[in-house]
Amino acid sequence: PALLLALTLMLSGCVRLTLAWAPQTPKGQEATPAIVASDRSEWEARKPAIEAALQEEIYGTLPVATEAKIAGHRVFEDQKLGEGLVFEEFDVAARPSFPGGSGEQASFTIALVRPASAKGSLPVIMVESFCPRWSAVPHPEAARPTGAEQGEVPGMIRFAFGRYICQPPLEMIAEAGFALALVSATEVVPDQSEAGIAALQRLMPEGEDARWGAVGAWAWVFSVMADILGEQDSIDADRLIAYGHSRYGKAALVAGAFDDSIAGVIAHQSGTGGASLNRRKSGESIEQITRSYPHWFTPAYAEFAGEEDRLQTDQHQLLALIAPRPVLLGNARRDVWSDPNGAFKAAIGAAPVYELYGEAVRPLERLGTFRPEEPVAYWMRPGTHGVVEEDWPAFLAFASAHFGD
Ligand code: GCU
């Protein structure tokens, strides 16, 4: 039931995705914003104002520091997840601090899967999962609340949202030389408006100006994962990659933008509040996203519905904050709700900042050619919203090009 509940939540917005066709390639570069800065120091001097505006208008106040500790650790070498795979779990307790103090502590569990044969420390792909962690990485002993079922991924869900919507391909990831760490970020902030807002408020001190949204809190969960995993001998602290699909793709981008311990980002179909521009956008509007998901953003975001030009920033600036660290933007042609064109334009808008760091951003000159080795890689496949057969090989091509041995 938990699995079904988590996935039906997605359906609300996603059924609309298939109703329209996106053009074969994004429509040129008209109305593409660009960041103009003459050198790196000019750009770096502007970053704090952009970070402040993104928080004030979209994501809410983000933590300025975190205390995180491991409260429990279990290792299973029994290879029950697949041949040659070691499974570990870390119970984490973490408390964010905000400019005005701190609120409650959060607790969640990280599942880690790594190849037993690996020598030295590995790069890790950190995943926030749509399905409960214990179903996404289905080790029979996986920690879970009393009574929670492990749950097979229903065939209908796999059909509608792709083979990998719930379960990343553990063996394929290990063979590519990566560890995989996975959490259910809803253990920290539930993905429901009332319960979500209550959890967000508990984590903040009273009286903090702009209540953070779930996207910001889930981004913080990536940062906590980075802290914990970066301390493990089996993991290379310089190769921590945040991966998310859709709502968690938004969170992965925010994590990369605000936390430079995250070395790279894979944001698949992140859409509104993620990689896609707010201004002159197609697909999901600010009005629609803030009405359906009031807990995802700071309340101020809703005030820009229909008045997007009043925003001080746009999403190309979020991408630019990640520079020069590599980012992959995943898209599908018929996923118009996520607005692949808007993500493409945002990538073009961020490119001048990558160039300031000596990173030429070429894949964006010509679509249809996936160049995983580029610092801003744009992956476009046929089809709709979801994580399908060809997505993970593309994600791993990007991860290997930038972080492989
Ligand atoms: C809905 C929502 C999107 C979101 C998506 C998802 O469709 O409107 O903004 O990205 O769910 O998380 O799958």
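This structure is a prediction, so every number in the text was calculated from the model and none was measured.

Trainee: What is the right way to look at unusual backbone geometry in this model?
Mentor: Glycine aside, negative phi is the norm for most residues, and most peptide bonds take the trans geometry. Put simply, Ala323 and Pro324 share a cis peptide bond, and its omega is 0°. On the secondary structure map, Pro324 appears in the loop between helix H10 (315-322) and strand E9 (327-332).

Trainee: Any chance you could explain the environment of Arg247 here in plain terms?
Mentor: Locating Arg247 in the fold gives a position in helix H8 (residues 247-258). Note on Arg247: relative accessible area 5%, which makes it buried. Sequence spacing of Arg247 and Val215 is 32 residues, and the spatial spacing of their C-alpha atoms is 7.3 Å.

Trainee: Help me understand the site of the ligand in this model?
Mentor: As a matter of local geometry, the ligand sits amid 12 residues, with Ser246, Arg247, Lys250, Glu284 and Trp337 nearest to it. One of the side-chain nitrogen or oxygen atoms of Arg247 is found 2.6 Å away from an oxygen atom of the ligand. Contact with the protein chains covers 99% of the free accessible surface of the ligand, which is 320 Å². When contributions to the shell around the ligand are tallied by element, the ones reaching two or more residues are helix H1 (2-14) and H8.

Trainee: Would you explain empty space enclosed by the protein in this entry?
Mentor: In this approach, a probe sized like a water molecule rolls over the atoms, and the result shows the empty space that is left. Evaluated as defined, the whole model comprises 2 cavities of 30 Å³ or more. Roughly 90 Å³ of internal volume is contained in the second largest cavity. Lining the second largest cavity are 13 residues, and of these Val127, Tyr164, Ile165, Cys166 and Tyr243 lie nearest its centre. Partitioned by chemical class, the residues of the lining of the second largest cavity number 10 nonpolar, 2 polar and 1 charged.

Trainee: How should the pattern of salt bridges be read in this particular structure?
Mentor: Between side chains of opposite charge, a pair can form as their charged atoms come close. All chains considered together, the criterion is met by 19 salt bridges. A salt bridge links Arg133 to Glu187; the nearest nitrogen and oxygen atoms lie 3.0 Å apart. With a gap of 54 residues between them, Arg133 in helix H3 (residues 133-136) and Glu187 in the loop between strand E6 (179-183) and helix H6 (193-203) connect regions that are remote in the sequence. Here Glu187 falls in the partly exposed class, since its relative accessible area comes to 29%. Residues Arg279 and Asp309 are paired through a salt bridge, measuring 3.3 Å at the closest nitrogen-oxygen approach.

Trainee: Sorry if this is basic, but what is going on with the nonpolar core here?
Mentor: A general tendency of soluble globular proteins is for nonpolar side chains to be buried together. Core analysis: the biggest nonpolar cluster contains 130 residues, and Trp43, Ile110, Met126, Leu229 and Leu253 have the highest contact counts within it. Apart from residues no more than four positions distant in its own chain, Trp43 is found in contact with Ile35, Ala37, Ile50, Ala320, Leu321, Val353, Leu356 and Tyr357.

Trainee: Sorry, what's going on with the packing of aromatic side chains here?
Mentor: Think of a pair of aromatic rings as described by two things: how far the centres are apart, and how the planes are tilted against each other in angle. One pass over the structure, following the stated rule, counts 14 aromatic pairs. Ring centres of Phe130 and Tyr248 lie 5.2 Å apart, and the angle between their planes is 70°; on these two criteria the pair is classed as edge-to-face. Residue Phe130 is found in the loop between strand E5 (122-128) and H3, and its partner Tyr248 is found in helix H8; the two are separated by 118 residues along the sequence. Just as Phe130 is buried, Tyr248 falls in that class too. Each ring, one from Tyr243 and one from Phe395, has its centre 5.3 Å from the other, and the planes form 50°; the classification is tilted.

About the criteria used
- Throughout, a residue's number is its position along its own chain's written sequence, starting from 1.
- Thresholds applied to this predicted model are a pLDDT of at least 70 for local features of residues and 80 or more for the giving and counting of side-chain atom pairs; totals over whole chains, interfaces and linings are not thresholded and use all residues.
- The basis for the side-chain values is all heavy atoms of the structure; hydrogens and waters are excluded.
- Each helix is a run of H or I in the DSSP string that is no shorter than four residues. Each strand is a run of E no shorter than two, and both are numbered from the N terminus.
- Here's how the labels work: a residue is buried when its accessible area is under 20% of the maximum for its type, exposed when over 50%, partly exposed in between, all with a 1.4 Å probe on protein chains only.
- Put simply, a residue is near a molecule or strand once any heavy atom of it comes within 4 Å of that molecule or strand.
- Under this definition, polar contacts are N or O atom pairs within 3.5 Å; protein pairs additionally need one hydrogen-donor-capable and one acceptor-capable atom, and for neighbouring residues in sequence, both atoms have to be side-chain atoms.
- Surface accessibility follows the Shrake-Rupley procedure with a 1.4 Å probe radius. Residue values consider only the protein chains on display as shielding.
- Here a cavity denotes a set of grid points, spaced 1 Å apart and computed over the protein atoms alone, in which a 1.4 Å probe fits but from which it cannot get out, and a pocket denotes an open set meeting protein on both sides within 12 Å along at least five of seven lines; residues with an atom within 4 Å of a point are reported as lining.
- Grid points are joined across faces, edges and corners, and a volume is the space filled by probe spheres set on the points.
- Classification used: nonpolar for Ala, Val, Leu, Ile, Met, Phe, Trp, Tyr, Cys and Pro, charged for Asp, Glu, Lys and Arg, polar for all others including Gly.
- The term salt bridge refers to a pairing of a side-chain nitrogen on Lys or Arg with a carboxyl oxygen on Asp or Glu at a separation within 4 Å.
- Take the buried residues of types Ala, Val, Leu, Ile, Met, Phe, Trp, Tyr and Cys, join any two whose side-chain atoms come within 4.5 Å, and each joined set is a nonpolar core.
- The criterion used for residue contact is that any of the two residues' heavy atoms lie within 4.5 Å.
- Ring geometry is summarised as follows: Phe, Tyr and Trp rings, the Trp one being its six-membered ring, pair when their centres sit within 6.5 Å, and such pairs are stacked at plane angles under 30 degrees, edge-to-face over 60 and tilted between the two.

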